[in-house]
Amino acid sequence: MSSVNKFLIYLSFYLFWNSFTLADRAIPFSEKALEIYKTAVEMRTVEGFNQVPRLARYLKSEFISGGFAERDVRVLDIDSTAALVVRYRGDGSLGKKAVCISAHMDVVDAHRSDWERDPFKLIEEDGYFFGRGTSDNKLGLTAVTIAFLRLKSEGWVPGRDLIIAFSGDEETSMNSTKALVNQYRHLTESEFVLNADAGGAIIPESGGTPSNFYMQAAEKTYVTWEMTARNPGGHSSLPRSDNAIYDLATALGKIQRFTFPVRYNDITLEYFKKTGQQMKGEIGKVMQTFASDPYDGKSSGILRMSPRLSAMLSTTCVATMLRAGHAENALPQSATATINCRVFPGSGIDATLEQLKVVIDNPNIEFKMLDQPTESNASPRNLDVIKALRVAVDTKYPDLEIISVMSSYGTDGMHFRAAGIPSYGVSANYGKASDDFAHGLNERVLVETFYDNLTHWYVLLRAVAGKY
Ligand SMILES: [Zn+2]
């Protein structure tokens with residue numbers, strides 16, 4: 001082959017490859033998107049730093065310059081944080097209630113000394129964006145903001161109102177989310193919520209197409225108890241059989257050996273059925289058997305061996321912290337363990353506590369609930385959501401199967417669900433399992449996923465509120 005031919009082949013590869021990269025960045029508003037993303041990531045919106053109100057006001061100014069009316073962009077100061085509500089007025093032609101779009105402006109803290117790079121600088125390297133919040137949740141927040149700005153600039157009028165409801169303390173107390181659905185309900189009243197803080201697909205480690213898109217439609221309830229054994233104590237030179245540490249240890253051993261009974265709902269059965277059909281080997285068959293008969297103890301027993309699958313089968317409770325005694329030469333007067341539970345939707349917090357008490361079988365051990373939990377039911381199937389999501393997912397992965405899932409972690413969605421507004425986690429968080437560093441060190445997101453989300457949310461909002 002002549003060197004000229006070699007050069008031409010090289011050149012065509014080069015152009016072919018770059019056409020993708022250029023296409024990503026050629027999306028309208030992609031420069032604005034990067035500017036907002038960088039500004040958001042570089043504000044340390046951690047509890048106690050007072051940066052969430054600053055971010056909310058910055059975003060507000062972007063919406064106002066983008067053509068939204070002052071009265072439709074509201075920064076709500078709530079405790080020491082803030083929420084942001086933006087109403088995109090429709091013409092009402094669909095005759096349907098508004099749709100809310102949820103994301104959060106705060107992040108979990110990160111320390112420079114722990115990270116390889118500065119966590120509060122947006123750094124692009126090796127096809128990734130690095131920085132705290134690049135994935136959780138400034139990715140969703142930016143994509144939703146840009147979708148609003150882009151649609152507005154095109155003069156698009158939705159057939160129903162769209163409402164952005166960004167919270168400011170999702171990672172901690174969620175008081176701003178509670179305020180959004182209670183105190184400020186007149187601003188967020190809607191048929192359902194599209195949550196940009198959940199949803200997505202797992203890209204195989206070797207690349208290629210994911211096997212499913214996961215839409216979050218339910219979440220388990222987070223509740224924590226402190227369990228305390230008390231004792232009059234005494235001198236450690238005169239030990240007795242009654243002892244606060246031993247009593248607590250006995251109770252903990254019983255909790256360790258206990259497994260909550262299997263529970264299921266339409267969402268978990270759909271998950272096990274569809275995932276089982278796609279998976280090769282024994283585990284796929286076991287998933288399908290469980291989906292057709294959740295009372296089949298053998299299949300649930302096998303699924304229990306995986307912590308991830310086990311969490312989808314029932315309530316879980318686990319000891320996470322411990323403190324006891326007051327001096328090395330004294331019999332302990334108290335011993336306390338922290339028990340964190342993730343309650344299966346519909347099981348009930350009271351029933352979970354009763355079950356724990358039966359298991360430990362010691363009426364002298366006290367339970368104290370920490371914080372007030374929020375219980376939420378699974379969101380019902382909604383065809384408008386599924387249809388709109390289908391169009392959006394197709395922009396990246398045509399015909400990728402959409403599966404509803406229950407998450408074992410909590411999001412803002414639980415407060416909307418608890419307040420009677422169903423919530424669906426529908427973001428295009430596409431990444432490899434090995435790239436998932438949300439809350440952890442060196443959080444990152446594929447550069448391609450950043451741009452995919454811009455298109456995803458633009459198409460999704462047009463589809464969910466477009467006139468037919
Ligand atoms: Zn989040």
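What counts, and where the lines are drawn
- Residues numbered from 1 in each chain as written.
- Predicted model: local features only at pLDDT ≥ 70, side-chain atom pairs only at ≥ 80, totals over all residues.
- Heavy atoms only, no water.
- Donors = N, O, S within 2.8 Å, 3.2 Å for Na, K, Ca; no water.
- Tetrahedral: all angles 85-135°; square planar, octahedral: opposite > 155°, others 65-115°.
- Helix = DSSP H or I, 4+ residues; strand = E, 2+ residues; numbered from the N terminus.
- Buried < 20%, exposed > 50% of the residue type's maximum accessible area, 1.4 Å probe, protein only.
- Phe/Tyr/Trp six-rings, centres within 6.5 Å; stacked < 30°, edge-to-face > 60°.
- Lys NZ or Arg CZ within 6 Å of the ring centre and 35° of its normal.
- Disulfide = S-S within 2.5 Å.
- Contact = heavy atoms within 4.5 Å.
- Polar contact = N/O pair within 3.5 Å; in protein donor to acceptor, adjacent residues only side chain to side chain.
- Expected span 1.5 Å × (residues − 1).
- Arc of directions from axis to C-beta.
- Pairing = 2+ DSSP bridges.
- Axes fitted to C-alpha atoms, helices over the stretch in contact; angles between N-to-C directions.
- Salt bridge = Lys/Arg side-chain N within 4 Å of Asp/Glu carboxyl O.
- Domains from an automatic or database assignment.

Caption draft 1: Here's a closer look at the coordination of the zinc ion. Around the zinc ion, the protein supplies H104 (NE2), D136 (OD), D197 (OD) and D197 (OD) as donor atoms, at distances of 1.9 to 2.5 Å. Coordination geometry of the zinc ion: the four donor atoms subtend angles of 54 to 144° at the metal centre, consistent with an arrangement described as irregular. Counting residues between consecutive donors of the zinc ion along the chain gives the motif H-x31-D-x60-D. Residue D136 is located in the loop between β5 (128-130) and α4 (138-153), and its partner D197 is located in the loop between β7 (192-195) and β8 (200-203); the two are separated by 61 residues in the primary sequence. Across the pair, exposure class does not vary: D136 and D197 are buried alike.

Caption draft 2: Representation of the packing of aromatic side chains in the model. Evaluated as defined, the whole model comprises 19 aromatic pairs. Ring pairs connect the aromatic residues F63, F68, Y88, F148 and W156, which therefore count as one cluster. Lying across the ring of F130, R117 places its NZ or CZ 3.6 Å from the centre.

Caption draft 3: Main features of the state of the cysteines. Throughout the structure, instances matching the rule amount to one disulfide. Between the sulfur of C317 and that of C341 lies a disulfide, 2.1 Å long from S to S. Disulfide C317-C341: torsion about the S-S bond near 115°, hence right-handed. Taken together, the residues C317 in strand β12 (residues 316-324) and C341 in strand β14 (residues 334-343) connect sequence positions 24 residues apart. No difference in accessibility class separates C317 from C341, as the two residues are buried.

Caption draft 4: Broad picture of the environment of R240. By the element assignment, R240 lies in the loop between β11 (234-235) and α7 (244-257). With residues up to four places along the chain from it excluded, the contact list for R240 reads N231, P232, G233 and L331. From its side chain, R240 meets the backbone oxygen of G233 in a polar contact 3.2 Å long. Side chain to side chain, R240 and D242 meet in a polar contact 3.0 Å long.

Caption draft 5: Local environment of helix α12 (residues 349-360). Over its 12 residues, α12 extends 17 Å from the first C-alpha to the last, a length consistent with the 16 Å expected when each residue adds 1.5 Å. Along α12, the positions that sit buried rather than exposed are I349, T352, L353, L356, V359 and I360. Take α12 and look down its axis: the buried residues cluster within an arc of 120°, on one side only. Turned more than 90 degrees from where α12 packs its buried face, D350 and V358 sit exposed.

Caption draft 6: How the structure looks around the sheet that holds β5. Across the sheet, which stays open at both edges, the three strands sit in the order β4-β5-β19 with antiparallel pairing between neighbours. In this open sheet, the two edge strands, each paired with only one partner strand, are β4 (123-125) and β19 (444-446). Strand-to-strand twist across the sheet, computed as the mean angle between neighbouring axes with direction ignored, equals 25°. With three bridges joining them, β5 and β19 adopt antiparallel strand pairing. Within β19, the residue paired with F129 across the bridge is V445. Of the strands in this sheet, β4, β5 and β19 are in contact with helix α15 (residues 447-465), which crosses β19 at around 70°.

Caption draft 7: Just the pattern of salt bridges, in detail. As enumerated under the stated definition, the model contains 30 salt bridges in all. The partner of D109 in a salt bridge is R44, with the nearest N and O atoms 3.0 Å apart. Of this pair, D109 sits in the loop between β3 (99-104) and β4 while R44 sits in the loop between α2 (30-42) and α3 (52-65); the two residues are 65 residues apart in sequence, bridging distant segments of the chain. With relative accessibility at 24%, the residue R44 sits in the partly exposed group. As a salt-bridge pair, R117 and E125 come within 3.2 Å of each other at their nearest N and O atoms. You can call R117 buried: its relative accessible area is 14%. Exposure remark for E125: the relative accessible area of 31% places this residue in the partly exposed category. Counted as one network, the salt bridges with shared partners bring together E270, K274, R381 and E401.

Caption draft 8: Inspection of the domain arrangement of the protein chain at higher detail. As assigned here, the protein chain comprises domain 1 (29-198 + 411-465) and domain 2 (221-263 + 289-370). For domain 1 versus domain 2, the separation of C-alpha centres amounts to 37 Å.

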